[in-house]
Amino acid sequence: MPPEFMSVLYERLPPNLPNTLQAPPLIDLFFHPVIYHPLIIENAAMVPPTAKQFLDLRRANTVLYLTLPIISCCVLGHTVRMNTYLLAKNVPQKIISLLSHRSKLPIQLILSIIWFIKALVASLDECMFKHIIKHNLLDPLFKLLKKSKRYTLLNSSLLSVLEFIWRENCRTLLQHIVSNYREDLDDIGYVGTGASLLKRHVTNTAQATIANSTGESTLPSKRPLPMSSPFSAKLDDFDDGYFDEDDDDSDISHGSKRWKPG
């Protein structure tokens, strides 16, 4: 998806729409490739006429591939509004569940789904984090990581999600990952990501213990994404930082570079 088109989209969508507003029909139509994807829908008879075209798998995959980058950008630029809609429609579960049908998806769509997961994490929304944990939405990611070949684009994209969780110290997700996927972290010893996540978890646990004894809070303040510029500051150059790491280092460099969608 051309970045110019995404920039126009950001300009057209007002960032501070009240949450009490109902999503217009256009947005519902926009999400039809997700909600009525043939690998997701259980009863084709329930599909409305406007979404019948997406019952064709090849067409549905193509349209979803073109749609996901827009959805992901909206999550980053209009977090509250978009996440409210996504959670109400169970969109994250539906999109991420497609990873369990890897053989029926083109690699481009799989990478777009991973990019979407990055956007959910990068929104730094605790409600979304709790939703991810409640529905085990990281489980398909770890299963795919286990099956992926080392040092491939797919493998690196999956690892970059964990890299972002480490860099931003997303405590809720970090604790969930260490508690439920410890063996998977040990399996990715060929990079420093797993070790860095474990070290960060130990540090967080120690800080929480000290805080409990002193009555202080260890929770970081909310760091909202910049609404005026969707590709600035917060997520700047994250992908470049990941691929520029020195392969000879046993740990991940604690640089300031962060993930940039694109």
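**Observations regarding the pattern of salt bridges**
- Per the stated rule, a full pass over the model turns up 4 salt bridges.
- A salt bridge links Asp-139 to Lys-143, with the nearest nitrogen and oxygen atoms 3.2 Å apart. Taken together, the residues span about one helical turn, with Asp-139 and Lys-143 both in helix α9 (residues 139-147) at a distance of 4 residues.
- Exposure remark for Asp-139: the relative accessible area of 24% places this residue in the partly exposed category.
- The residue Lys-146 makes a salt bridge to Asp-184 at a minimum N-O spacing of 3.5 Å. One end of the pair, Lys-146, is in helix α9; the other, Asp-184, is in helix α12 (residues 182-187), and 38 residues separate them in sequence.

**Quick look at the nonpolar core**
- Among the nonpolar cores identified, the biggest contains 65 residues, and Leu-86 and Phe-142 are the most heavily contacted of them.
- Top contributing element to this core by residue count: helix α7 (residues 107-122), with 10 residues.

**Section: the packing of aromatic side chains**
- For the coordinates displayed, the defined rule picks out 3 aromatic pairs.
- Consider the rings of Phe-31 and Tyr-85, whose centres lie 4.9 Å apart with planes at 40 degrees: the pair is tilted. Placement of the pair is Phe-31 in the loop between α2 (25-30) and α3 (32-35) and Tyr-85 in helix α5 (residues 79-88), with a sequence separation of 54 residues. Pair check on accessibility: Phe-31 and Tyr-85 agree, each one buried.
- An angle of 5 degrees between the planes, with centres 4.2 Å apart, marks the rings of Phe-142 and Tyr-181 as stacked. Of this pair, Phe-142 sits in helix α9 while Tyr-181 sits in the loop between α11 (171-180) and α12, placing them 39 residues apart in sequence. There is no split in this pair, since Phe-142 and Tyr-181 are both buried.

**Considerations on the environment of Phe-116**
- Inspection of the secondary structure assignment puts Phe-116 in helix α7.
- Using a relative accessible area of 0% as the deciding quantity, one classes Phe-116 as buried.
- When the C-alpha positions of Phe-116 and Ile-70 are compared, they lie 9.5 Å apart, and in sequence the two are 46 residues distant.
- Excluding residues that lie within four positions of it along the chain, Phe-116 makes contacts with Leu-68, Ile-71, Ser-72, Leu-86, Pro-92 and Ile-95.

**Details of α7**
- Here α7 contains 16 residues, and its C-alpha end-to-end distance of 22 Å stays within 8% of the 22 Å for a straight helix at 1.5 Å per residue.
- Counting buried residues along α7, 13 of its 16 residues qualify, which places the element largely inside the surrounding structure.
- Just downstream of α7, Leu-124 is the residue with a positive phi angle, here 55 degrees.

**Overview of the packing of helix α4 (residues 57-77) against α7**
- Contact geometry for α4 and α7: axes closest at 9 Å, N-to-C directions at 15 degrees. On the basis of their axis angle, the class for α4 and α7 is roughly parallel. For the element pair α4 and α7, the recorded crossing hand is left-handed. Of the residues in α7, those touching α4 at Asn-61, Leu-64, Tyr-65, Leu-68, Pro-69, Ile-71, Ser-72, Cys-73, Val-75 and Leu-76 are Gln-108, Leu-109, Ser-112, Ile-113, Trp-115, Phe-116, Ala-119, Leu-120 and Ala-122.
- The class makeup of the residues in the contact of α4 with α7 is 15 nonpolar, 4 polar and no charged.

How each quantity is defined
- Residues numbered from 1 in each chain as written.
- Predicted model: local features only at pLDDT ≥ 70, side-chain atom pairs only at ≥ 80, totals over all residues.
- Heavy atoms only, no water.
- Salt bridge = Lys/Arg side-chain N within 4 Å of Asp/Glu carboxyl O.
- Helix = DSSP H or I, 4+ residues; strand = E, 2+ residues; numbered from the N terminus.
- Buried < 20%, exposed > 50% of the residue type's maximum accessible area, 1.4 Å probe, protein only.
- Core = buried A, V, L, I, M, F, W, Y, C linked by side-chain atoms within 4.5 Å.
- Phe/Tyr/Trp six-rings, centres within 6.5 Å; stacked < 30°, edge-to-face > 60°.
- Contact = heavy atoms within 4.5 Å.
- Expected span 1.5 Å × (residues − 1).
- Axes fitted to C-alpha atoms, helices over the stretch in contact; angles between N-to-C directions.
- Parallel < 35°, antiparallel > 145°, perpendicular 65-115°, else oblique.
- Left-handed = near helix turned anticlockwise from the far one by under 90°.
- Nonpolar A, V, L, I, M, F, W, Y, C, P; charged D, E, K, R; others polar.

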